[in-house]
Amino acid sequence: MTHRSIAILVLSLALSGPAVARADLRVVTTTTDLGDFARRIGGANVQVDTICQGNQDPHTVQARPSYMVKVSRADLVIAVGLELEVAWLPALIQGARNPSVNPGRPGYLEAADAVTPIDVPTGRVDRSQGDLHPFGNPHYWLDPENAKRVVRLIAARMAELDPDNTARYAANARRVNSSIHRGIQRWRAALAPFRGTKVASYHATFNYFLRRFGLVGVGYLEPRPGIPPSPSHLAGLIRRMRADHVPVILHERYYDRTTSDMVARRTSARLLVLPTSVGGTDGTGSYERLIDHIVNTVVSALGNR
Amino acid sequence: MSRRAITLAVSLGLMIGSGPRSVRAQDAGVPAQDEVADDAGAPPSDAEETDTSAVATDGDAEAPGEPEDDLEAELAAELAANAGANDDAAGAQTSTSTGGTASSRGLSNLMNPAISATGLFLAGWTRRAEPDPLALEPAPPEQGDLRTGLHVQEVELRLSSIVDAYFRADLTLTATEEGIEFEEALITTLEIPRVSLRAGQMYANLGRHNLLHTHAFPFLTAPLPWRALLGPEGLKDVGVSADVLLPLPFFAEINAQVFRGEWAPFAGEVLDDPTTPIDETIPDRRRDGDLAYLGHLKTLFDLSDSTTVELGGTYVGGRNGFGRWGNVVGGDLTLKWRPIDAERYRAFEWTTEYVWIDRPGDPLGRHRGGAYTALRYQFLQRWWAELLGSVLGVPATTEGRTWRGEALIAFVPSEFSALRLQYALEAAEEGGTRAIHEVFVQAIFSVGSHPTHAY
């Protein structure tokens, strides 16, 4: 190693030292939604990093070593859970060499602990059914009632790790949940005229959202989770959508929209390309604005039929 | 590394990992229930909370001669006096926190390791001649070349599990047409911040390709120079390893390893050529106590949200079979691109590696080397196209250079199966041998616990 590279190393150490020392808690969340909650609950006391970006598919994140650097400095890692991150988070935690965030430690939190999962497979469970989540559908954050439970859980864990700021975390969590609560009233009112409307979607991402607001899912473009659409499956879906007069297809931004466009052309349904996480598209900088965006898009499509 | 040093390091890890913070956590209040909650939401559960303080105390007792204040010294002395009793207590503590409910319900299989199995099957044709068992000339060194016909390339069984509060273990049992062996059998520490210590049978951390299991090879076999220079199985052996994640803003890892090192680059045996009247036999002079020492630096930089570049360098040294100090130097450079909003559908990877071997004392030539460069492009959700060019003989030896090119197309229905078709062309510069063409199909399946994908 040359003198110059040693100098760079020392300089980097000096620069990186104080930057991470300011916050009381350093938090890494897998998704931007959890990141939004953690930032607002933690306020100035918490420094939050996220791994998966808002427009990124949380199933297929790559276990980049640069993410290990983030996890190596964390006091708390917050994951969605229900095996959403099974392909990459274990590798990040192992590579981070930070025992305080090993699963089972207080520094590791799966937000799914706060919610009751739906779509839990019963009976036969094997991979002929695609990328199955044996513990239930992990996209629970799109139900705002679940979001409130997650906010409370995160605040409790932050208080456990940093008891000096318990009151602050609790107050911030109450503020976040009041705002989500006002949102729920707004979203319920906006979607109330469309209760019972049938919708199709690409992947099972919106099931919690549909259930909360009284919309009915009739099918997915994916024949099975993670399996690309096949002609025979699409033909069956198109027939069902025509029979049921399904007005919209909900399509997650990070999936290829070619087949969704194809289905929309052959039915009377409109294709709605939707963000599924905070920051997934312009104007979704917070959780409430994300749900606002989804609700407004759905309402304007259903209202202009 | 001595057992005492490992114990000390583990204990230190525990002290740092579970300090006063988790003790304070016991009496931390949780925020009051939300007054606006109109839903019957379950209150946050803290079931994961474990009492690590007791374990940490036990760890202190195992770290002799490190008292930082009087109280700690006093506690350490008293605990050391009752070491046996405390070990029992700590053991009970661990089992209740990790598996008490499971065993009390009789669900003992929850403690079983994660099991997965992989099978690789090959079918194809090569113009490479079969070695003639009756030939006077010695057969060329076994390089793991593909052979015409139908073959089971490999069946692999992997077991992974957390051992206890301190270690995880990984076992890989590989069956090929040659027999069954433990490809890997190692333990890794869990509780030491910034550092992973490993011990057991494992791959040497020489660049990128040497760390890959057969089912993760980007092409059907290891690159020709790797098979010829490092041996058909690559560099793996019994050893110990320590890797440190450096506290830098980018990823940088330093790895030091010590192996028994019974590897091709350090082998000294020269077989007699029966066509000449002189006896050229040189016996292998490696001794049982000879070891191989490895140092590796890996760095990775994010160029953008979608692009990373990885740069690594390796040195391996050890006393070779000619009784001299042998050297192996490797360098690797990888560029990866995966568009952040379409990671399922597109990817591009470009990897280049070089390895150079210094064999002082070898009458057949001291320096050998080889390189490969490989491109992989995912053009549809389930399809990959790949190209590889490799050269053996950089610097050139008396045997001249051998070039090999491979083109591969892969259909990957899911992350658990793949069908791959590969064409290869291999040509030697000297010796007047004809170019070798090969066409092979490979089928891969993987069952069992979900694999974690190394980057």
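On a predicted model such as this, the values are computed, not experimentally measured, just so you know. (Residues numbered from 1 in each chain as written. Chains lettered and ligands numbered in written order. Predicted model: local features only at pLDDT ≥ 70, side-chain atom pairs only at ≥ 80, totals over all residues.)

### Observations regarding the overall build of chain B
So, step 1. Per the secondary structure count, chain B includes 6 helices and 16 strands.
So, step 2. Out of the 455 residues in chain B, the part that is buried amounts to 30%.
So, step 3. Taking contacts inside chain B between residues at least 6 apart in sequence as the whole, the part at least 24 apart equals 58%. (Helix = DSSP H or I, 4+ residues; strand = E, 2+ residues; numbered from the N terminus. Buried ≥ 20, exposed ≤ 12 C-beta atoms within 10 Å, placed from the backbone. Contact = placed C-beta atoms within 7 Å.)

### A closer look at the sheet that holds strand β4 (residues 108-110) of chain A
Residue and element names in this part refer to chain A.
So, step 1. Within the open sheet, the 4 strands sit side by side as β2-β1-β3-β4. Their pairing is parallel. Of all strands in the sheet, those bounded by a partner on one side alone are β2 (46-50) and β4. Neighbouring strand axes in the sheet, compared pairwise and without regard to direction, differ in orientation by 20 degrees on average.
So, step 2. In this sheet, β4 lies alongside strand β3 (residues 76-79) in parallel orientation, the contact comprising 3 bridges. In the sheet register, isoleucine 78 faces β4, and the bridge partner there is leucine 109.
So, step 3. Sheet contacts for helix α5 (residues 144-161): β1 (25-29), β2, β3 and β4; angle to β3, the most-contacted strand, approximately 165 degrees. (Pairing = 2+ DSSP bridges. Axes fitted to C-alpha atoms, helices over the stretch in contact; angles between N-to-C directions.)

### Observations regarding the nonpolar core
So, step 1. Among the nonpolar cores identified, the biggest contains 94 residues, and Ile41, Val71, Ile78, Leu92, Ala111, Ile154 and Ala155 of chain A are the most heavily contacted of them.
So, step 2. No other element matches α5 of chain A, which puts 10 residues into this core.
So, step 3. Beyond its immediate stretch of four places on either side in the chain, isoleucine 41 of chain A contacts Val151, Ile154, Ala155, Met158, Tyr169, Asn172, Ala173 and Val176 of chain A.
So, step 4. Within the second largest apolar cluster, 36 residues are counted, among which are Leu230, Val328, Ala371 and Ile444 of chain B. (Core = buried A, V, L, I, M, F, W, Y, C linked by C-beta atoms within 7 Å.)

### Some remarks on the domain arrangement of chain A
Residue and element names in this part refer to chain A.
So, step 1. Under the domain assignment, chain A is made up of domain 1 (16-184) and domain 2 (192-303).
So, step 2. Computed over C-alpha atoms only, the centres of domain 1 and domain 2 are separated by 25 Å.
So, step 3. If you look at the interface, domain 1 gives 28 residues, while domain 2 gives 25 residues.
So, step 4. Elements supplying a minimum of two residues to the side of domain 1 that touches domain 2: α2 (32-42), α5 and α6 (166-191).
So, step 5. Of the residues belonging to the side of domain 1 that touches domain 2, the class tally is 8 nonpolar, 13 polar and 7 charged. (Domains from an automatic or database assignment. Nonpolar A, V, L, I, M, F, W, Y, C, P; charged D, E, K, R; others polar.)

### Notes on unusual backbone geometry
So, step 1. Residue valine 394 of chain B is joined to proline 395 of chain B through a cis peptide bond whose omega torsion reads 5 degrees.
So, step 2. With respect to the secondary-structure elements, proline 395 of chain B resides in the loop between β13 (383-392) and β14 (402-414).
So, step 3. Its identity as a non-glycine residue notwithstanding, glutamate 83 of chain A has a phi of 65 degrees, on the positive side.
So, step 4. Take glutamate 83 of chain A: it is sitting in the loop between β3 and α4 (89-96).
So, step 5. Phi is positive for aspartate 119 of chain A, close to 55 degrees, though the residue is something other than glycine.
So, step 6. Checked against the element boundaries, aspartate 119 of chain A lands in the loop between β4 and α5.

### Focus on the packing of helix α8 (residues 231-244) of chain A against helix α9 (residues 258-266) of chain A
Residues and elements named next belong to chain A.
So, step 1. Where α8 contacts α9, the two axes come as close as 10 Å, and the packing angle between them is 40 degrees. Taken together, the axes of α8 and α9 are oblique relative to one another. α8 and α9 meet at a crossing whose hand is right-handed. Across from Leu234, Leu237 and Ile238 in α8, the residues of α9 making contact are Thr259, Val263 and Arg266.
So, step 2. Grouping the constituent residues of the contact of α8 with α9 by class yields 4 nonpolar, 1 polar and 1 charged. (Parallel < 35°, antiparallel > 145°, perpendicular 65-115°, else oblique. Left-handed = near helix turned anticlockwise from the far one by under 90°.)

### Considering the sheet that holds strand β7 (residues 248-252) of chain A
Residue and element names in this part refer to chain A.
So, step 1. Pairing within the open sheet is parallel, and its 4 strands lie in the order β6-β5-β7-β8. Of all strands in the sheet, those with a lone pairing partner are β6 (216-220) and β8 (270-274), marking the two edges. When strand polarity is set aside, the average angle formed by the axes of neighbouring strands in this sheet is 30 degrees.
So, step 2. Where β7 lies against β8, 5 bridges are found, and the strand directions are parallel. Each residue of the ladder has a partner; that of isoleucine 249, found in β8, is leucine 271.
So, step 3. Where α8 meets the sheet, it contacts β5 (198-201) and β6, and its direction lies at approximately 155 degrees from that of β6.

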